Amino acid sequence: MSRLWALALTAGALVSAASSASESTCNEWAPCYREGYCDANAMFCMWDLCDATKSYNSTSCWKPEGCLGQTVNFDSSSDVVPVKQFSGNPNTNAFVSVFEPDNTKIEDGKLVLDMTYDSAQKKGFGATVHASHTIQYGTVTARIKTAAIAKGVVSAFIIRSDQVGDEIDFEWVGKEPNTVETNFFYHDILNYSNSKYFDIGGDSSADYHDYTIVWDPDFISWAVDGKTLRTLKREDTYNKSAKEYRFPAAEGRVGLSIWDGGNSGAEGTEEWAGTPTPWTDSTVYQMFVDSIAIKCSGSDLANSESDTVEPASSDSQQTSDAGSSDAGSSDAGSSDAEASDEGSSDATPSDDGSSDDGSSDAASSDDNASDAGSSDAGASSAESSDNGASDGESSDYSAEPTSDDSQEPSGTEGSGEQSSTDSPVEPSPGTGKCKVVTVVRPIQ
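Residues numbered from 1 in each chain as written. Predicted model: local features only at pLDDT ≥ 70, side-chain atom pairs only at ≥ 80, totals over all residues. Heavy atoms only, no water.

Q: Give a detailed account of the overall build of the protein, specifying residues and quantitative values.
A: Check the secondary structure of the protein and you find two helices and 24 strands. Residue burial in the protein is summarised as follows: out of 444 residues, 61% are buried. Only carbon and sulfur atoms are counted for the fraction: they give 44% of the accessible area of the protein, which is about 15700 Å². (Helix = DSSP H or I, 4+ residues; strand = E, 2+ residues; numbered from the N terminus. Buried < 20%, exposed > 50% of the residue type's maximum accessible area, 1.4 Å probe, protein only. Areas by Shrake-Rupley, 256 points an atom, 1.4 Å probe, with all protein chains shown as cover.)

Q: With reference to specific residues and values, describe the state of the cysteines.
A: Applying the stated criterion to the full structure yields four disulfides. The side chain of Cys 26 participates in a disulfide bridge whose partner is Cys 38; the two sulfur atoms lie 1.9 Å from each other. For the disulfide bridge between Cys 26 and Cys 38, the dihedral angle about the S-S bond is near -70°, and by the sign convention the bridge is left-handed. With Cys 26 in the loop between β1 (14-16) and β2 (32-34) and Cys 38 in strand β3 (residues 37-39), this pair connects stretches of sequence that are 12 residues apart. Overall, the relative accessible area of 6% leaves Cys 26 in the buried class. (Disulfide = S-S within 2.5 Å.)

Q: Residue-level account of the nonpolar core, with values.
A: Counting 46 residues, the largest nonpolar core has Phe 157, Phe 170 and Leu 256 as its most contacted members. The element that contributes the greatest number of residues to this core is strand β22 (residues 284-296), accounting for five residues. Not counting residues within four places of it along the chain, the set of residues in contact with Leu 256 comprises Leu 111, Leu 113, Ala 127, Thr 128, Val 129, Ile 144, Ala 156, Phe 157, Met 287, Val 289 and Ile 292. By size, the runner-up hydrophobic cluster in this structure holds 15 residues, among which are Ala 42, Cys 45, Val 83 and Val 98. (Core = buried A, V, L, I, M, F, W, Y, C linked by side-chain atoms within 4.5 Å. Contact = heavy atoms within 4.5 Å.)

Q: Please provide a residue-by-residue account of the packing of aromatic side chains, values included.
A: A full pass over the atoms with the stated rule returns 12 aromatic pairs. Three or more aromatic residues joined by ring pairs form one cluster here, namely Phe 157, Phe 170, Trp 172 and Tyr 211. Looking at Lys 145, its charged tip hangs above the ring of Phe 288, at a distance of 5.1 Å from the centre. When the ring centre of Tyr 245 is taken as origin, the NZ or CZ atom of Arg 234, which lies over that ring, is 4.0 Å away. (Phe/Tyr/Trp six-rings, centres within 6.5 Å; stacked < 30°, edge-to-face > 60°. Lys NZ or Arg CZ within 6 Å of the ring centre and 35° of its normal.)

Q: Run through the pattern of salt bridges, naming residues and quoting values.
A: Across all of its chains, the model carries 12 salt bridges by this definition. For Glu 65, the salt bridge identified is with Arg 253, shortest N-O distance 3.1 Å. Taken as a pair, Glu 65 in the loop between α1 (42-45) and β4 (70-72) and Arg 253 in strand β21 (residues 253-260) lie far apart in primary sequence, 188 residues in all. Where Asp 114 meets Lys 105, a salt bridge forms, and the shortest distance between an N and an O atom there is 3.6 Å. Judged by relative accessible area, which is 11%, Asp 114 ranks as buried. By relative accessible area, Lys 105 is classed as partly exposed at 34%. Salt bridges here are not isolated pairs; linked through shared partners, they connect Lys 110, Arg 143, Asp 210 and Asp 290. (Salt bridge = Lys/Arg side-chain N within 4 Å of Asp/Glu carboxyl O.)

Here you go:
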């Protein structure tokens, strides 16, 4: 479930660029490069979207905005703005809606993300918002009522770096409304065992719950309503064959999304989400967000008033087999039926932003994580990883992880991509120069 943020290419002066890694064909009027195109707006210039190596000059791409501790209650229409209207000032708008058309709204003090039926694509067209400020370590709590009312409908809450491919997330599928998936990615490497599933004790689409990601340099934790589901230690993500810790550490953005997994066209994703997603021309699926609280690194990360309960490991958990770490990192030899072994996200510029996990360190944190010693990233606690590291996750949530037989098998599937009927415009052959085009639909 590795995700790319959606890139909505709206009408305007858009430059198709033919360039090599060593040269830029963007110009001063369209200085920012993204996946073959140049332009001057937020869709191209925002940090983590803009490719500085191919942009007009070293100052073309906007700088990372940095973390801002804040609570967004969605009581103002300015809390979320369509990306084409975003000026680049993160203090003006807390979140940016990155799809066009924009399927988000603020209603009765809630952020509402809609998914409607796209008859041309024969699937749902959803919504994705991401924070206008970046974050690298801290605590994020989102109060969410999911859209998990029908199979195939996917709701997501994530922290992701598109530049690096690091991700931490929560995700919910409509066929299992009582279950939440926790997951993480390092450099978009696919590893099935990074996912764990938990029964939250109620229908996630019927009531609001507080979902918390605690992200520390030494651990990640996932919690629901103040009770920790799982804890991942950085030390337990070491991959001996790669000689690296496969632990999400890159600066990224907080995001929320709704997307159609059941009609995605990808077999693994559809099996995971449930298929087909039921649609009529008037069907609208909705995800509701009451508030988001962000504490940057250095703030109080969590309270510690939860009971400690060790989660049961899943017998059906899949693991990669070529030197992957105990934390569930994938080795270069394993692959998904629909994704490369590297777990790289789709090459298209659009995505609905899935969530990945973030659990607190049971050993090094004061944040209500226990040393229960359950398996890291879904592998059995009685088993060691291929590289011999011991599992390092723990939980103090009363519910046990659910079976993950239906877990999505791919780092690229379930991306929530919104495709377009328009084909990308190729550069003029042989000229090496820019070609101005007008695009009125999102391009995948």
